[in-house]
Amino acid sequence: MSASYEAEWFARFGDETGVPSDVPEVPWLRQVLLRRTHRRYADRPVAEPLLRLLLAAAFSASSKSDFQQASVIRVEERARRDRLAALVPDMPWIGNAPVFLVFCGDARRLERLGELRCHKADNSKLEGFFNATVDTALLLQTFILAAEAAGLGCCPISVIRNHPDAVTEILDLPNKVFPVAGLCVGYPAAAGHISMRLPLEVTLHNDRYDDSRFDEAVAAYDVRRDARYSIPREQQRLPEIFGYASPYGWSEDKARQATRPEGQDFPAYLRARGFTME
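Reading guide: rules and limits
Residues numbered from 1 in each chain as written. Predicted model: local features only at pLDDT ≥ 70, side-chain atom pairs only at ≥ 80, totals over all residues. Heavy atoms only, no water. Helix = DSSP H or I, 4+ residues; strand = E, 2+ residues; numbered from the N terminus. Buried < 20%, exposed > 50% of the residue type's maximum accessible area, 1.4 Å probe, protein only. Contact = heavy atoms within 4.5 Å. Areas by Shrake-Rupley, 256 points an atom, 1.4 Å probe, with all protein chains shown as cover. Lys, Arg positive; Asp, Glu negative; His and termini not counted. Charge placed at Lys NZ, Arg CZ, Asp CG, Glu CD. Salt bridge = Lys/Arg side-chain N within 4 Å of Asp/Glu carboxyl O. Pairing = 2+ DSSP bridges. Axes fitted to C-alpha atoms, helices over the stretch in contact; angles between N-to-C directions. Patch = residues over 30% accessible without salt bridge, like charges linked within 9 Å, V, L, I, M, F, W, Y side chains within 5 Å. Core = buried A, V, L, I, M, F, W, Y, C linked by side-chain atoms within 4.5 Å.

Draft legend 1. Geometry of the overall build of the chain. In terms of helices and strands, the chain carries 13 helices and six strands. Principal axes of the C-alpha set define a box for the chain whose edges measure 60 × 55 × 50 Å. For the chain, the proportion of its 278 residues judged to be buried stands at 40%. For the chain, contacts bridging at least 24 residues in sequence account for 74% of all contacts bridging at least 6. When the accessible surface of the chain is totalled, it reaches about 16000 Å², and 54% of it is carbon and sulfur. Here the chain contributes 35 positive and 38 negative side-chain charges, whose respective centroids are spaced 5 Å apart.

Draft legend 2. Focus on unusual backbone geometry. Of note, the amide linkage connecting serine 246 to proline 247 takes the cis form, showing an omega dihedral of 0°. Considering the arrangement of structural elements, one finds proline 247 in the loop between α11 (239-242) and α12 (250-257). Phi angles above zero are rare outside glycine, and leucine 238 is one such case at about 50°.

Draft legend 3. How the structure looks around the side chain of glutamate 111. As for its placement among the helices and strands, glutamate 111 is situated in helix α6 (residues 108-116). On the basis of relative accessible area, glutamate 111 is assigned to the buried category, the value being 16%. Setting aside residues no more than four positions away along its own chain, glutamate 111 makes contact with Ala121, Asp122, Asn123, Ser124 and Lys176.

Draft legend 4. Fine view of the pattern of salt bridges. Evaluation of the coordinates by the stated rule reveals 20 salt bridges. Residue glutamate 148 pairs with arginine 35 through a salt bridge whose shortest N-O separation is 2.8 Å. Taken as a pair, glutamate 148 in helix α7 (residues 126-149) and arginine 35 in the loop between α2 (27-33) and α3 (48-58) lie far apart in primary sequence, 113 residues in all. The burial state of glutamate 148 is the same as that of arginine 35; both residues are buried. Two residues, aspartate 210 and arginine 208, come together in a salt bridge whose shortest N-O distance is 3.9 Å. In this structure arginine 208 comes out as exposed when scored by relative accessible area, which is 56%.

Draft legend 5. The arrangement of the sheet that holds strand β4 (residues 99-106) in detail. On the basis of which strands lie adjacent, the open sheet formed by four strands has the order β3-β4-β6-β5 and antiparallel pairing. Of all the strands in the sheet, just β3 (70-74) and β5 (153-157) have a single pairing partner and so form its edges. Each strand of the sheet is rotated relative to its neighbour by a mean of 25°, with strand direction disregarded. By the bridge criterion, eight bridges tie β4 to strand β6 (residues 177-186) in an arrangement that is antiparallel. By the bridge assignment for β6, phenylalanine 100 is matched with cysteine 184.

Draft legend 6. Broad picture of a nonpolar patch on the surface. A contiguous nonpolar surface patch, about 350 Å² in accessible area, is contributed by Leu126, Phe130, Val134 and Leu138. Position of phenylalanine 130 among the secondary structure elements: in helix α7.

Draft legend 7. Inspection of the pairing of β4 at higher detail. Of all eight residues in β4, eight are buried, a share of seventy percent or more. Side chains Val99, Leu101, Phe103 and Gly105 of β4 all project onto a buried face; the interleaved residues Phe100, Val102, Cys104 and Asp106 project onto the opposite face, where all are buried too. As paired elements, β3 and β4 share five bridges and run antiparallel to each other. Counted as the bridge partner of serine 71 is cysteine 104 from β4.

Draft legend 8. Representation of the nonpolar core in the model. In terms of nonpolar packing, the biggest core is built from 51 residues, with Phe143, Ile157, Phe178 and Cys184 touching the most fellow members. Residue contributions to this core peak at eight residues, all from α7.

So, in C-alpha cells, the structure goes:
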C-alpha cells in the first residue's frame, strides 16, 4: 500500500518540495519525521524492564569492527545527579527527568581486552578516540529512536562536555573513558517543538560535493523557519558585538553562536586522560 508523507515532510522541512511519492506506508517513518526533543516530563516512572529493553536495543546499534567501544552510566544516586545538574543550572530537566543517562566513549575496553588476552593494544590514537565517539553517537541515537517508539521523550545534553573534569570526577570515569552526552528520559508532559531542518538540496550531494546553491537555499530556509517561529529580538545572540539584525534568522543565529565555540578544554582533557591523538 502506497502512502503520502506530505504533512510530516512539511512539519520537518517547511515545504512540500521533493516529497517522495508512491512509497510504502511505514508508520515508524512518520514518527521519525515528527520526532522532537522533550524537556518537560510527567510524574510517571519509567519501568525498569522497559528501560533495560531500550538499552538492549540501543546496544544493538552498529559498531566499528565489532569493537563495541561505548558505555552508558545510569545516574540514580541523588547526590551525583544533583552535582551534574548544578554544572548546568539553566537546564533544570537534568535534575528533574525520571531517568538520566550519560553516554560515554569507551576506548579503555579494547586495551583491557588486550591485557586479558596478552596482546598489548594502544588505543590512545585519534583513530581510537574517533571510533569510540562514533560508536557512542550511534548508541545514543538508537536509544532515542527506541525510546520514542515506546512513547517516551528524550533530551540530549551535549553541554556536559563543557565540564569534562567535573563529570569525570562525579562518575568515576577511568582514563580513556570520556563523556559524549547526557540524556534525559521520561514520559512527555507536553508536546515538544519540531525543529525545522535544512532542505535536502543543502545536505544531500550526488556523486560529488556541491554547495553552489548554498546561499539561496539557506536564505529560503531562513524565511520558512522564521514564518513558523521568529526568534524574538531579546534572544538575538551577542548584540553587544554584532548589534540587532532584522530579519534575524537561523543562519545569523548559528553564525553568531559559532563565534563562541564550546568545549575549549576538551582537547587538553583528552590528552590528560591518556589520549595522544596522533
